[in-house]
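Residue strings, one per chain:
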Amino acid sequence: MPHDLSSGAGTCEDRACEDGTVGNGGNTASGTGEPVVDVDSGAATAVSSDRLVLDLEQVDRSRVAEVGGKAAHLGELARVAGVEVPTGFCVTTGAFARVTAQVPSFEDRLDRLSALDPDDRDTIAALSAEIRGAVAGHPVPDDVAAAVTGSLTRAGRDAAYAVRSSATAEDLPTASFAGQQDTYLNVVGPEAVLDRVRSCWASLFTERAVAYRLRRGIDHRTARMAVLVQQMVAPDSSGVLFTADPVTSNRTVTSVEAVLGLGEALVSGVVNADGYTVRDGEVVDRVVAVKERAVVAAPGGGTRQQTVESDQQRRPALTDAQVLELAVLGRRIEAHLGRPQDIEWCLAEGGFRIVQSRPITTLFPVPPAEDGRGHVYVSVGHQQMMTDAMTPLGLSVWQMSTPRPMSEAGGRLFVDVTPILTAPAAREGFLNVAGRSDPLLRDALQTVLDRGDIVPAPGEEAGPGGPPAGDPPAMIDADPDLVEELIDRSRASLAALARDIATQHGTELLDFILEDFGELRRLLFDPRGAQVFTTAMDAAWWLGEHLHAWLGEENAADTLTQSVPNNVTSEMGLALLDVADAIRPHPQVVAFLRAAGDGDDVLDGLAGVEGGGEARDALHAYLERYGMRCVGEIDIGRPRWSERPAALVPVILGNVENFEAGAGRRRFDQGRHEAWAKEQELLRRVRALPDGEAKAVETKVMIDRLRTFIGYREYPKFGMVSRYLVYKRALLREAERLVTDGVLRDRDDIFLLRFAELHDVVRTGRADDRLIRERREALDGYRTLTPPRVLTSDGEALSGAYRRDDLPADALVGLAVSTGTVEGRARVVADLAEADLEPGDILVTAFTDPSWSPVFVTVEALVTEVGGLMTHGAVIAREYGLPAVVGVAGATRLIRDGQRIRVNGTSGYVEILR
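These numbers come from a predicted model, not from an experiment. Residue numbers run consecutively from 1 along every chain, following the written order of its sequence. Local features in this predicted model are restricted to residues whose pLDDT is 70 or higher, and side-chain atom pairs enter the listing and the counts only when it is 80 or higher, whereas totals over whole chains, interfaces and linings include all residues. Note: side-chain values were computed over all heavy atoms of the structure, leaving out hydrogens and water.

A. Region of the structure containing the overall build of the protein. Regarding its fold elements, the protein presents 31 helices and 27 strands. For this measure, only C-alpha atoms enter the radius of gyration; the expected value for a globule follows 2.2 Å times N^0.38, where N is the number of residues. Relative to a compact globule of 914 residues, whose C-alpha radius of gyration would be 29 Å, the protein shows 31 Å and is just as compact. Across the 914 residues that make up the protein, the buried fraction comes to 56%. Taking as baseline every contact in the protein between residues at least 6 positions apart, the subset at least 24 positions apart corresponds to 70%. The secondary structure listing takes helices from DSSP runs of H or I that are at least 4 residues long and strands from runs of E that are at least 2 residues long, numbered from the N terminus. Buried, partly exposed and exposed residues are distinguished by accessible area as a fraction of the type maximum, computed with a 1.4 Å probe on protein chains only: under 20%, between the cut-offs, and over 50%, respectively. In this analysis, two residues are considered to be in contact whenever any of their non-hydrogen atoms come within 4.5 Å of each other.

B. Focus on the packing of helix H20 (residues 587–595) against helix H23 (residues 649–658). For helices, the fitted line uses only the C-alpha atoms of the stretch in contact; every axis is such a line through C-alpha atoms, and the angle between N-to-C directions lies from 0 to 180 degrees. Look at H20 against H23: their axes get within 10 Å of each other, and the N-to-C directions meet at 140 degrees. Judged by the twist between their axes, the crossing of H20 over H23 is left-handed. For the pair formed by H20 and H23, the contact residues are Val590, Leu593 and Arg594 on the first element and Val649, Leu653, Val656 and Glu657 on the second. Crossing handedness is read from the near helix: turned anticlockwise from the far helix by less than a right angle, it gives a left-handed crossing, and turned clockwise, a right-handed one.

C. Region of the structure containing the pattern of salt bridges. Whenever a carboxyl oxygen of Asp or Glu lies within 4 Å of a side-chain nitrogen of Lys or Arg, that contact is scored as a salt bridge. The final tally for this structure, using the stated rule, is 62 salt bridges. Note that Asp741 is salt-bridged to Arg737, the shortest N-O span being 3.0 Å. A residue is classified by how much of its surface remains accessible, and Arg737, at 34% relative accessible area, is partly exposed. Taking the shortest distance from any N to any O, the salt bridge between Asp769 and Arg745 comes out at 3.2 Å. A residue pair is termed long-range when its members are at least 10 positions apart, and Asp769 in helix H28 (residues 769–782) and Arg745 in the loop between helix H26 (715–740) and helix H27 (755–764) qualify at 24 residues. Given a relative accessible area of 34%, Asp769 falls into the partly exposed group. Residue classification places Arg745 among the exposed residues on the basis of a relative accessible area of 67%. What you see here is one network of salt bridges that share partners, running through Arg279, Arg451, Asp453 and Glu796.

D. View of the sheet that holds strand E22 (residues 821–828). DSSP-based pairing: two strands are paired if at least 2 bridges between them are found. Strand order in the open sheet formed by 8 strands is E20-E27-E26-E22-E23-E24-E25-E21, with mixed pairing between adjacent strands. If you trace the sheet from one side to the other, it starts and ends with strand E20 (812–813) and strand E21 (815–818), each paired once. As defined by bridge partners, E22 adjoins strand E26 (residues 900–904) across 5 bridges and the pair is classed as antiparallel. Paired with Arg825 across the bridge in E26 is Arg900.

E. Layout of the nonpolar core. The nonpolar core is taken to be a set of buried Ala, Val, Leu, Ile, Met, Phe, Trp, Tyr and Cys residues, with the residues joined through side-chain atoms within 4.5 Å. Grouped together as the largest cluster of nonpolar side chains are 155 residues, with contacts concentrated most on Tyr622 and Trp641. Ignoring any residue separated from it by four or fewer positions in sequence, one finds Trp641 in contact with Met572, Tyr622, Leu623, Tyr626, Gly627, Arg629, Cys630, Ala647, Leu648, Leu832, Ser851 and Pro854. Membership of the second largest hydrophobic core comes to 42 residues, among which are Ile124, Ala145, Leu204 and Phe205.

F. Structural detail: the environment of Asn655. Among the structural elements, Asn655 can be located in helix H23. Filtering out sequence-adjacent residues up to four positions away, Asn655 remains in contact with Leu576, Leu577, Ala580, Arg584, Val857 and Thr858.

G. Representation of the environment of Thr569 in the model. Looking at where Thr569 falls in the secondary structure, it is placed in helix H19 (residues 568–583). Exposure remark for Thr569: the relative accessible area of 0% places this residue in the buried category. Setting aside its immediate chain neighbours within four residues, Thr569 contacts Arg629, Glu714, Pro850, Ser853, Ile876 and Tyr880. Here Glu714 takes part through its side chain, which lies 2.6 Å from a polar atom of the side chain of Thr569. Definition of a polar contact: a pair of N or O atoms within 3.5 Å, with one able to donate and the other able to accept a hydrogen when the atoms are protein atoms, and with sequence-neighbouring residues admitted only if both atoms are side-chain atoms.

H. Region of the structure containing the pairing of strand E3 (residues 88–91). Bridge count for strand E2 (residues 53–55) against E3 is 3 bridges, and the pairing is antiparallel. Looking at the pairing, Asp55 lines up with Phe89 of E3. In the sheet, E3 pairs with strand E6 (residues 224–231) via 4 bridges, with the strands oriented antiparallel. From the neighbouring strand, Cys90 faces E6, where its bridge partner is Leu228.

I. Expanded view of the sheet that holds strand E18 (residues 790–792). Spatial strand order, E16-E17-E15-E18-E19: 5 strands in an open sheet with antiparallel pairing. What marks the edges here is a single partner per strand, and that holds for strand E16 (407–409) and strand E19 (797–798). Bridge count for strand E15 (residues 376–379) against strand E17 (residues 412–416) is 3 bridges, and the pairing is antiparallel. The residue bridging Tyr377 from the neighbouring strand is Asp416, located in E17. Contacts between helix H11 (residues 392–401) and the sheet are confined to E16 and E17, with E17 contributing the most and set at about 35 degrees to the helix.

J. Highlighting a negative patch on the surface. A surface patch of like charges, here negative, comprises Asp479, Asp481, Glu484 and Asp488. One can find Asp488 in helix H15 (residues 480–501). Residues form patches when they are more than 30% accessible in relative terms and have no salt bridge. Like charges link within 9 Å. Nonpolar side chains (Val, Leu, Ile, Met, Phe, Trp, Tyr) link within 5 Å. For the area figures, the Shrake-Rupley method with a 1.4 Å probe applies, and any residue is considered shielded solely by the protein chains shown. Positive charges come from Lys and Arg alone, negative charges from Asp and Glu alone, with His and the N- and C-terminal ends not counted. Charge placement uses NZ in Lys and CZ in Arg. For Asp and Glu, CG and CD serve respectively.

K. Layout of the packing of H19 against helix H22 (residues 612–626). Look at H19 against H22: their axes get within 8 Å of each other, and the N-to-C directions meet at 170 degrees. Classified by the angle between their axes, H19 and H22 sit roughly antiparallel to one another. Facing Val568, Glu571, Met572, Ala575, Leu576, Val579, Ala582 and Ile583 of H19, the residues of H22 in contact are Glu614, Ala615, Ala618, Leu619, Tyr622, Arg625 and Tyr626. Roughly parallel here means an angle under 35 degrees, roughly antiparallel means over 145, roughly perpendicular means 65 to 115, and every remaining angle is called oblique.

What follows is the structure in structure tokens.
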């Protein structure tokens, strides 16, 4: 994990933490730490301006608003038994407020800064430089200078100091502000210290810090700067200690990096560091680097590099005993601060000094477990093609929709598969199914099983066993009437829900919805419905295996599933082409839609445009049918298309430009013809085999099962999100009443409550504002995390690997889910609402749930970071005949927008051509 500290001239940049504990990246010899949330509110509060300086021993975490996060938490650490922190004092935020109050036009400049677009880099750079110059150039007030000089006199007027920024209201749980304020090392003399204090004040307005606050919606006025002044330490060695493995996230592993001299050599990359790994009280791995240079304090101030004597270059910076001592110290700090830490330390005069401790903010949280046993969790989001953090209400509604117990961590849901993995009858079958759909999942699980440190082998002490193996649902013959019956039942149930819920309100409404979850589960897990789509999936696998063995045919089922009946998700994409047909003849409607903003009421606005009536009717009809969908639709808290029609405008306009009238019907007919032609070709080739007639009969049965049933695979989820919209509309009506009664501040606050909590709010007429605020901040933090496919109770995150050696050089490997090979322009799209796609483009994105289907009609191929053989993107890609490769790790980072790439959906890899 890099540390944002620059080298040379004794200056470096701080790193800040994300959750209000210590964290900055000052030089490891002089220490830093930069958390900064007010304990109660997450923002700076007014402080008394008469407290200009506080000794570090007077400071703890309760004084963040006065001294900033770094100083507050270093003061806190100094209270931990056995932890030594260099002595010092803090120039408080009161002094900073005194200075900025005297800077001409300071408030006006902040107003101008607040109005800027975070992407307007040039203006941000100019205005932030102007503010920095004004603050740094303003004289330190006499009383502040006297207070600082007095503290220096008591501590040692001519001693060397480290001068560090210690900000407030920036290091919120969701905002790291890494590397955005300054630290100065080996500063000698009162004048030099005061000059560096001014520079630290000014560093609150670095271009990076300003842009970061703008992007996160943080008011510049809530950010204040204190300055920490500590005595310098001249260490023999310095480095970084992680109380969890920074690569694997394993909480049982301690990782230590060490260099000779000041830690600036490590964080600035001047030398390679020694590395040590500690587990269960032992050094289990060590790498001793050749250290040709070290960074040391320079005479008169600042730092310099010096050559290490040749006989010392291979000397370990620490002994094993010192590494173990440091690991114990790290665990003590972690226990005090409550979470894994990234700690900067130095070794001087035989003892360790802690100069920074900040949370390791990249770690994904571990689901709680009270039994003390090892657990293995599988991500639900990876199976649902939605790995974003979910709202609290969304999490609870999803869990009430399924009978399977789930664990929560980081705003995501996980299934504890430990009972299955420890059950002899269930383990192999589960791994085989996982391997078929998602090889990365199987590999990650197999890695854990092969080690044997989390999950005992079946038959050993493993706690309660897994579910009985049972037989999979039997395959059934193709029966279109069965599919129609299942769909009709779902529609009738939905209509009854919409009718009956209209008369409910208050706690009766919540009770009504709670009872209706039983009906939702009945429809979702109808045994006959399960038989339908398991038959389709088994038929697809049968065709893939047998036709490959008989004919050498790769991925035969891909073409056979084009334009199948009753696939509501692919029909949704084609139906939006029909909406474009209604709009295309009306230039004024097209112009209106081009000018529409994301928050505009598109439907109402069309009424005043020539041709708008026809366009409005077409869009309204589409939303009546599909308006319950949206990106991340499994979270009831996400805005639906019916609530935000403007989200569809870019796709509609793309269809207007790129297709001719009737394209939807032509595309469906073409896919159906290609599937029929492929079926005839395969049957002809099979009949030519020995015993070909019997094989052809069996193949035809499987093709009929596949084409009849595979479309229904999309319908249960469609029915579920349709019910979610009915629930949501009723709950929002209730939320509006709560806002009117003064119970809630905003109707969307209901999404920050779990269902049972919302029930209590409705029943009592009281809401916990603090809880809602904390949930909002936590959700913002969770959105910055990337969930793993597999997570262990030790915190280890596993992604799995494909383990293939049959790929072209430099190819990006993934899972082949829809056959074919195409070349085209890569369009890396993070947000469907911002998609700007043209025919021939290749869509590259993190994941696609059903809401992405409308753009599939435009692109030539699909590449995603998440997905499996039977996830939504794969199913729809096959139906549309798009080559697709999913599960390509880091695709949106490794492939640049606009690059030309080749997608091989048959063999499962992507090549970057230029």
